[in-house]
Amino acid sequence: QVQLVESGGGLVQAGGSLRLSCAASRTFSSYVMGWFRQAPGLEREFVASIGYSGMITEYADSVRGRVTISRDNTKNTAYLEIDKLKPEDTAIYYCAARIIADAPWQYWGPGTQVTVSS
């Protein structure tokens with residue numbers, strides 16, 4: 001089992017950038033990592049995922065080109081960089097982990113709030 005904690009959220013002006021971090025409680029090179037977000041009144045949506053070694057990444061069409069997911073297995077940390085932030089990026093961002101690719105996401109962090117002002 002692994003515990004996840006996100007950080008790096010905050011209030012940012014539109015057009016700015018943020019880097020979110022997701023720290024794992026244990027060695028997490030055996031987990032696929034993902035980022036999700038949930039805006040007020042909306043369902044949680046997939047943002048990006050990254051494979052065990054970081055070679056394989058996937059992005060939601062809504063953020064492709066503005067978002068970069070990465071991981072540092074030596075630090076047990078995953079990252080999500082968001083550029084050219086828009087007000088519609090305002091949401092709680094969650095990181096998640098799963099052992100098997102394409103399986104349900106097993107572990108979730110508590111989330112970090114990102115608010116983008118226009």
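Keep in mind it's a predicted model, so treat the numbers as computed, not measured.

Caption draft 1: Representation of the overall build of the chain in the model. Each helix and strand counted, the chain has zero helices and eleven strands in total. Mapped in sequence order, the helices and strands of the chain form the string β-β-β-β-β-β-β-β-β-β-β. For a compact globule of 118 residues, the expected C-alpha radius of gyration is about 13 Å, and the chain comes in at 13 Å, within 12% of that figure. Its C-alpha atoms put the chain at 40 × 25 × 25 Å along the principal axes. Here the chain holds 118 residues, and the buried ones make up 45% of them. A fraction of 55% describes how many contacts in the chain between residues 6 or more apart in sequence connect residues 24 or more apart.

Caption draft 2: How the structure looks around the environment of Gly 16. You can see Gly 16 is positioned in the loop between strand 2 (10-13) and strand 3 (18-24). Separated by 101 residues in sequence, Gly 16 and Ser 117 have C-alpha atoms that sit 9.9 Å apart.

Caption draft 3: Structural view of the environment of Gly 65. Looking at the element boundaries, Gly 65 is found in the loop between strand 6 (57-59) and strand 7 (67-72). Since its relative accessible area comes to 77%, Gly 65 is described here as exposed. Sequence spacing of Gly 65 and Cys 22 is 43 residues, and the spatial spacing of their C-alpha atoms is 21 Å.

Caption draft 4: Structural detail: the nonpolar core. With 31 residues, the main nonpolar core has Leu 4, Leu 20, Met 33, Trp 35, Leu 80 and Tyr 93 as its most contacted residues. Among the elements of the structure, strand 3, strand 4 (32-38), strand 5 (45-50), strand 7, strand 8 (77-82), strand 9 (91-98) and strand 11 (112-117) are those that each provide at least two residues to this core.

Caption draft 5: View of the side chain of Thr 77. With respect to the element layout, Thr 77 can be found in strand 8. Only 2.8 Å separates the side chain of Thr 77 from the backbone oxygen of Lys 75, close enough to count as a polar contact. Discounting residues that sit within four places of it in the chain, Thr 77 has contacts with Ser 21, Cys 22, Ala 23, Phe 28, Arg 71 and Asp 72.

Caption draft 6: Fine view of the packing of aromatic side chains. Per the stated rule, a full pass over the model turns up four aromatic pairs. Residues Phe 36 and Phe 46 carry aromatic rings whose centres are separated by 5.6 Å and whose planes lie at 75° to one another, so their mutual orientation is edge-to-face. Taken together, the positions of Phe 36 in strand 4 and Phe 46 in strand 5 put the pair ten residues apart, joining distant regions of the chain. Classification of Phe 46 as partly exposed rests on a relative accessible area of 26%. Centre to centre, the rings of Phe 36 and Trp 108 are 4.9 Å apart; their planes meet at 55°, and the pair counts as tilted. Pair noted here: Phe 36 is in strand 4 and Trp 108 is in strand 10 (residues 107-108), with a separation of 72 residues, a long-range link. Given a relative accessible area of 9%, Phe 36 falls into the buried group. One residue, Arg 71, lies across the ring of Phe 28, its end atom 4.5 Å from the ring centre.

About the criteria used
All residue numbers refer to positions counted from 1 along the written sequence of the respective chain. Reporting of local features is limited, given that this is a predicted model, to residues whose pLDDT is at least 70; pairs of side-chain atoms are given and counted only at 80 or more, and all residues count toward the totals for whole chains, interfaces and linings. Values shown for side chains rest on all heavy atoms present in the structure; no hydrogens or waters enter the calculation. Going along the chain from the N terminus, every DSSP run of H or I of four or more residues is numbered as a helix, and every run of E of two or more is numbered as a strand. Each radius of gyration is computed over the set of C-alpha atoms, and the globule rule expresses the reference value as 2.2 Å times the number of residues to the power 0.38. Burial classes: relative accessible area under 20% of the type maximum marks a residue as buried, over 50% as exposed, and values in between as partly exposed (1.4 Å probe, protein chains only). Throughout, a residue-residue contact means that at least one pair of heavy atoms, one from each residue, lies within 4.5 Å. Buried Ala, Val, Leu, Ile, Met, Phe, Trp, Tyr and Cys residues form a nonpolar core when they are joined through side-chain atoms within 4.5 Å. Pairs of N or O atoms within 3.5 Å make up the polar contacts considered here, provided that, within protein, one atom can donate a hydrogen while the other can accept it, and that residues adjacent in sequence are counted only when both atoms are side-chain atoms. Pairing of aromatic side chains here covers Phe, Tyr and the six-membered ring of Trp, requires ring centres within 6.5 Å, and sorts the geometry by plane angle: under 30 degrees stacked, over 60 edge-to-face, intermediate tilted. Charges are assigned to positions over rings by a cutoff of 6 Å between ring centre and Lys NZ or Arg CZ, combined with an angular limit of 35 degrees from the ring normal.

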